[in-house]
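# Working through the structure, step by step
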Amino acid sequence: MLPGAFASKASKFERSIRRRNWFEFGAGSIVIAVFATVAWLTADIASTIMMAVWIAIMIGVLVVMINLARFGSNLQRLPELDCRTHLRGQLARQSTALKSVWLWYLGPLVPGITLLHIARVYEFSAKTGLLDAIIYVTPSALFTIVIFAAVHWLNLRGAARLDAEIDALDQLGQF
């Protein structure tokens, strides 16, 4: 490889991580603001269970944002590490984060989303009966499961690409 190629690749990868994280933090902030506004505006007319839904979702998003900072942030550059070693560590950190996305990213959202579907069944069952309410809510619950599975699958694919880059770096180091 050309001199400086590892440093350039590491810098580019770090910029993409930083950009992704800022996008996620921005989206999370918007979600929290919207749900807080909805909770505040409907506080006098919303049911207690819907207030719990808004709060659970906001807490879940906040936990995701904290976890993103903990597990998905860039590694600090250490002067004692060469650029190749730093890049390999950065790739490994992100690969590990992507492989465990179900635990730290999707998992914190599950209680709020589950409570949302339960609340919808509860509210509709008062008007239509329990079976009709379950039938009405099932498609959106299944759609949620499909979206969560797709996010998990896409992250596993991303981790596999990063693992391939790690393997390529390791092959370069064997010569």
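Higher on the page you've got the structure.
Note that the structure is predicted; figures quoted are calculated from it, not measured. (Residues numbered from 1 in each chain as written. Predicted model: local features only at pLDDT ≥ 70, side-chain atom pairs only at ≥ 80, totals over all residues. Heavy atoms only, no water.)

Two elements in contact, helix H1 (residues 5–41) and helix H3 (residues 83–99), have axes whose closest approach is 8 Å; the angle formed by their N-to-C orientations is 30 degrees. Of the possible angle classes, the one that applies to H1 and H3 is roughly parallel. In this structure, H1 crosses over H3, and the sense of that crossing is left-handed. Residues Phe6, Ala7, Lys9, Ala10, Phe13, Glu14, Ile17 and Arg20 of H1 form the contact with H3, whose participating residues are Cys83, Arg84, His86, Leu87, Gln90, Leu91 and Gln94. Of the residues belonging to the contact of H1 with H3, the class tally is eight nonpolar, three polar and four charged. (Axes fitted to C-alpha atoms, helices over the stretch in contact; angles between N-to-C directions. Helix = DSSP H or I, 4+ residues; strand = E, 2+ residues; numbered from the N terminus. Parallel < 35°, antiparallel > 145°, perpendicular 65-115°, else oblique. Left-handed = near helix turned anticlockwise from the far one by under 90°. Contact = heavy atoms within 4.5 Å. Nonpolar A, V, L, I, M, F, W, Y, C, P; charged D, E, K, R; others polar.)

Turning next to the environment of Ile166. Summarising the element assignment, Ile166 is placed in helix H6 (residues 130–173). The class for Ile166 is buried, based on a relative accessible area of 7%. Separated by 78 residues in sequence, Ile166 and Arg88 place their C-alpha atoms 6.0 Å apart. (Buried < 20%, exposed > 50% of the residue type's maximum accessible area, 1.4 Å probe, protein only.)

Everything listed here is a matter of geometry and, on its own, says nothing about what the molecule does.
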